[in-house]
Amino acid sequence: MTDTPLILWFRRDLRLADHPMLTAALANGRPLIPVFLLDPETEAIGAAAKWRLGLSLADFATRLEGVGSRLILRRGAAPEALARLIADTGATGVMWSRAYDPASIARDTAVKTALRAAGYGAESHPGFLLAEPWQVETGQGGPYRVYTPFWKALRQRDIAPLLPAPKQLPPPESWPTSDRLEDWQMGAAMRRGAAVCLPHQAVGEAAALTRLDDFLDQRLARYAEARDFPATPATSRLSENLTYGEIAPARIWHAAMHRLDAGDSGAGKFLSELGWRDFAWHLIYHFPALATENWREEWDGFPWRGDSADAERWRRGLTGEPFVDAAMREMYVTGTMHNRARMIAASYLTKHLMTDWRVGLAWFADCLTDWDPASNAMGWQWVAGSGPDAAPYFRIFNPATQAEKFDPNAVYRRRFIAELSRTPPADALSYFDAVPRAWALSPDSAYPKPLIALDKGRQRALDAYAARKA
Ligand code: FAD
């Protein structure tokens, strides 16, 4: 039976190196059939993330061909699609790298149960995180709710060693049929945005490794001081690659640790930021409602506003608050948003516009190419004040003073808001090419007046907060 093939079900692990599942599969010495399924869970992801996933799949398929293999594409719910593939190939087992969001856990548990009940092998492996969510425990044996002790516990652990990329993957005697990636139309919902966003993406494993090297060589030393300034290219931008598993967090960890040991001043801060990603996954694994319900129940009675015309102006980058609008437009033009800008845009929506954080969460999920369900949920609840380890609600970012501090020369704001310049830069103009035509926007329009005076919006939020507590 040793020559029966194994199915390798790839999901958010689209790389060859540092891949525990792939290493384990190769050790079996059997023919391997890599597959990606466009299942309902994947169909449901946001427009930008789905488009970006399509780019990643194309790159990964080419990479697999380089090691004598292929990426088989199939559409349909995982249990049925895998059963069909097993019938087509005579495979006797399926292996995959774990995912930790509630929808994936439900799907994977059902798949594992069905496969095993039918007598097939079903094995899951780590690789998406620095540590499995259940491996980092408090002294009492439960999950962490606060970052600092979580981080202390995480950094004491031995992080998985690096693993070589295979030179060859043993192919099956014959390949099963595959869909064509073009037919999946992964970019259909991105429409005009795709062409604008494309130059800002660094797609695939090779690009991710180059990005890491460039960051370590050119930016790590100044990371701690410069990371909050959105006009400065100071951060790694690896979130996009981590999301699709084009690079292993363990690879980033070991590379940064090496720099830390060599005395590189920015490495400690960078590692602790990387730790936030694991913390987000730790939280959503242990508290699956993180993306849907207020973490702190006392927020359930807060008079959040639902979706509204104001929220629509926020979505369009037309609030009249330049730092907020620059942030939103950065997202349409590049597919991502600087971390400080995310905090300011989210704070403005949840505090000055008193809008339910879930309205913002859903919009980011639709527009970010680095969308990550755990970090997005943690980020929104943190800013809104409803989350674990959250910023207190009364700490309200003032976008104007934040702009003075973190964008003192207005470079970031001018880069993305055409209406602020006589000769707008290319990125500012690209925004008008990226957004839906139906918005009928033009760079020649006057920049809008603020939706609400900042002090008035702040006071309205504080009054609502005080009334809730009374
Ligand atoms: P770097 O500064 O280079 O950091 C290195 C890595 O550490 C990042 O790639 C990321 O994996 C991790 N990291 C850094 N900061 C955080 C953080 N605050 N939370 C979690 N992980 C972090 N991040 C996403 O990857 N996807 C999201 O959908 C997402 N949504 C967010 C929504 C809101 C409202 C907020 C406030 C933050 C969100 N973040 C999200 C976290 C953070 O903004 C991004 O991870 C970061 O901007 C990515 O840029 P970078 O790769 O250059 O980060």
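The shown structure was predicted, so the numbers you read here are calculated from the model rather than taken from an experiment. (Residues numbered from 1 in each chain as written. Predicted model: local features only at pLDDT ≥ 70, side-chain atom pairs only at ≥ 80, totals over all residues.)

A.B. asks: Kindly report on the site of the ligand, identifying the contributing residues and their values.
C.D. replies: Close to the ligand lie 26 residues; Thr-235, Ser-236, Ser-239, Asn-376 and Gly-379 are nearest. Composition of the shell around the ligand by domain shows at least three residues from each of domain 2 (129-160 + 194-286) and domain 3 (297-468). (Near = placed C-beta within 6 Å. Domains from an automatic or database assignment.)

A.B. asks: Please give an account of helix H13 (residues 267-286) that cites residues and values.
C.D. replies: For H13, built from 20 residues, the straight-helix expectation of 28 Å at 1.5 Å per residue is met to within 8% by its first-to-last C-alpha distance of 29 Å. Among the residues of H13, those classed as buried are Ala-267, Phe-270, Gly-275, Arg-277, Asp-278, Phe-279, Ala-280, Trp-281, His-282, Leu-283, Ile-284 and Tyr-285. Lining the buried residues of H13 we find helix H6 (147-155), helix H10 (223-226), helix H11 (239-243), helix H12 (249-261) and helix H18 (373-384). (Helix = DSSP H or I, 4+ residues; strand = E, 2+ residues; numbered from the N terminus. Expected span 1.5 Å × (residues − 1). Buried ≥ 20, exposed ≤ 12 C-beta atoms within 10 Å, placed from the backbone. Contact = placed C-beta atoms within 7 Å.)

A.B. asks: Could you give me a rundown of the environment of Pro-31, with the residues and numbers involved?
C.D. replies: Note on placement: Pro-31 falls in the loop between helix H1 (20-27) and strand S2 (32-38). Classification of Pro-31 by C-beta neighbours within 10 Å gives partly exposed; the count is 19. Not counting chain neighbours up to four residues away, the residues in contact with Pro-31 comprise Asp-3, Pro-5, Pro-170, Pro-171 and Pro-172.

A.B. asks: How would you summarise the UniProt feature "binding site: FAD" (unreviewed entry) in the chain if you had to cite specific residues and measurements?
C.D. replies: Cross-referencing UniProt, the feature "binding site: FAD" (unreviewed entry) maps to Tyr-223, Thr-235, Ser-236, Arg-237, Leu-238, Ser-239, Phe-270, Asp-370, Trp-371 and Asp-372 in the present numbering. With the annotated positions falling across 150 residues, the maximum pairwise C-alpha distance of 22.5 Å shows that they are not confined to a single cluster. As for its position among the elements, Arg-237 is in the loop between H10 and H11. (UniProt positions renumbered as here; feature names shortened; annotations may be inferred.)

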